[in-house]
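Descriptive structure summary
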Amino acid sequence: MVSLNLALSLLLATGSQAFVPAANKPSSSALNAVSKKDTYSITLLPGDGIGPEITEATKVALEALTEKCDFKIELKEALIGGAAIDEKNDPFPQESLEQCLGSDSVLLACIGGYKWDNNPRELRPESGLLKMRKEMGLFANLRPAKVLPQLIDASTLKREVVEGVDVMVVRELTGDVYFGTPKGIEEIDGQRVGYNNMIYSESEIDRIARVAGDVASKREGKLCSVDKANVLDVSQLWRDVVTQVITDDFKDVELSHMYVDNAAMQLIRWPKQFDTIVCGNIFGDILSDEASMLVGSLGMLPSASIGESGPGVFEPCHGSAPDIAGEDKANPLAMILSAAMMLTYDLDRPAEAKMLEEAVEAVLDQGIRTPDIKQEGDGCKLVGCKEMGQAVADVIASMVMN
């Protein structure tokens, strides 16, 4: 009988199955956008659950913005997730990929739902999301967690802990244990064994470190790299490469390191110590969700997934909420704020992005709330998804241009 350790060692050493990262040259640049122009082509991916509803609300806000600022956004929808499985038997069809790649940017709502939970893995909505990231080269995920003063009491943490929190999590998105091979479930020595491969190449770490350094240098100049270098060899390489990149090429950035278990605790204990955080795929998946709850609702948080070239994908952090789909209860603000990130990072329209962000804050100042951010006895007006989107559009329309 072959021992478990020997069996896995042989499996990892098999050339036909082992994953060897491509020896890509380190990128000298980080964030790219198309040149500013009068008309942009945007692919919309409404997805599943509440996705179509928040997409429509976001379109209303964007139409008001483009009319106000005299530029055009041509929106064309494509399939992803459960909707794509139902229509094409593929969670991310080739035609959707080609349309995304041919666009200036991509705006995604959300995917998933109970309906597809028992499908084979290749026919689950999440597989379409992973395929999109890989095929489009979206290696960097930017997830801000900023506590807005209007919603500070929506957080489950004490006011003195979360007031003033403004964290950006930079997560590597196309490597690590989610994509490493070999992987699978096999029978070894009479029992089932599941295995995945946590793996990073130097070039993969280098390019995400450069994005994080760029982001940190444009914020408060503080970068915390999260790893588990005390027990994982891959994390030791991560720490070595991040240190070299930031020390050599981002001298204005103050770099620190933190083990992932401590980082998870510190995000709750005293989140204001963080400015920009960079981490690998699995650690970033966990920490970015934890950071998002500092603000009180996933319905307020945007994200951006970008590559070295080509269009990025911008999406809210929340899920598809199938339990409230079609009931006009969803909060569209995270998708609207994702559109603002798209304007900044992909379309070279930072001033228009700021207008969209200010419109969202103005609506909150007016005391308008969707159910997820409504507090009992707060005196605020409860509205649905459509009315919230229209409220943002109305604020934009009333703005005075300089």
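Data block above holds the structure.
Note that the coordinates shown come from a computational prediction; the quantities given were computed from them, not determined experimentally.

About the cut-offs
Residues numbered from 1 in each chain as written. Predicted model: local features only at pLDDT ≥ 70, side-chain atom pairs only at ≥ 80, totals over all residues. Heavy atoms only, no water. Pairing = 2+ DSSP bridges. Helix = DSSP H or I, 4+ residues; strand = E, 2+ residues; numbered from the N terminus. Axes fitted to C-alpha atoms, helices over the stretch in contact; angles between N-to-C directions. Contact = heavy atoms within 4.5 Å. Core = buried A, V, L, I, M, F, W, Y, C linked by side-chain atoms within 4.5 Å. Buried < 20%, exposed > 50% of the residue type's maximum accessible area, 1.4 Å probe, protein only.

1. Considering the sheet that holds strand β1 (residues 39-47)
Sheet strands associate in pairs through backbone hydrogen bonding, adopting either a parallel or an antiparallel arrangement. Here we have 10 strands laid out as an open sheet, ordered β2-β1-β3-β12-β11-β4-β5-β10-β8-β9, and mixed in their pairing. The sheet is open, and its two edges are formed by β2 (72-77) and β9 (254-259), each paired on a single side. Looking at each pair of strands side by side, their axes are set apart by 25° on average, direction ignored. Both β1 and β2 contribute to a ladder of 6 bridges, which runs parallel. Of the residues in β2, the one forming a bridge with Ser-41 is Glu-74. With respect to the sheet, helix α4 (residues 94-101) is in contact with β1, β2 and β3 (105-110), its orientation differing from that of β1 by roughly 150°. Most of the contacts of helix α9 (residues 260-269) go to β9, to which it runs at about 105°, and overall it touches β8 (222-227), β9 and β10 (276-279).

2. Regarding the nonpolar core
Of all hydrophobic cores here, the largest spans 75 residues; its most connected members are Leu-107, Leu-142, Val-170, Met-300, Leu-356 and Val-392. Of the residues forming this core, the biggest block, 10 residues, is contributed by helix α11 (residues 333-345). Leu-107 has contacts with Ile-42, Thr-43, Leu-44, Leu-45, Thr-58, Leu-62, Phe-314, Met-335, Ser-338, Ala-339 and Met-342, leaving out every residue within four places of it along the chain. Counting 24 residues, the second-largest nonpolar core is a separate cluster that includes Val-167, Ala-263, Ala-291 and Cys-317.

Keep in mind these values describe shape, not function.
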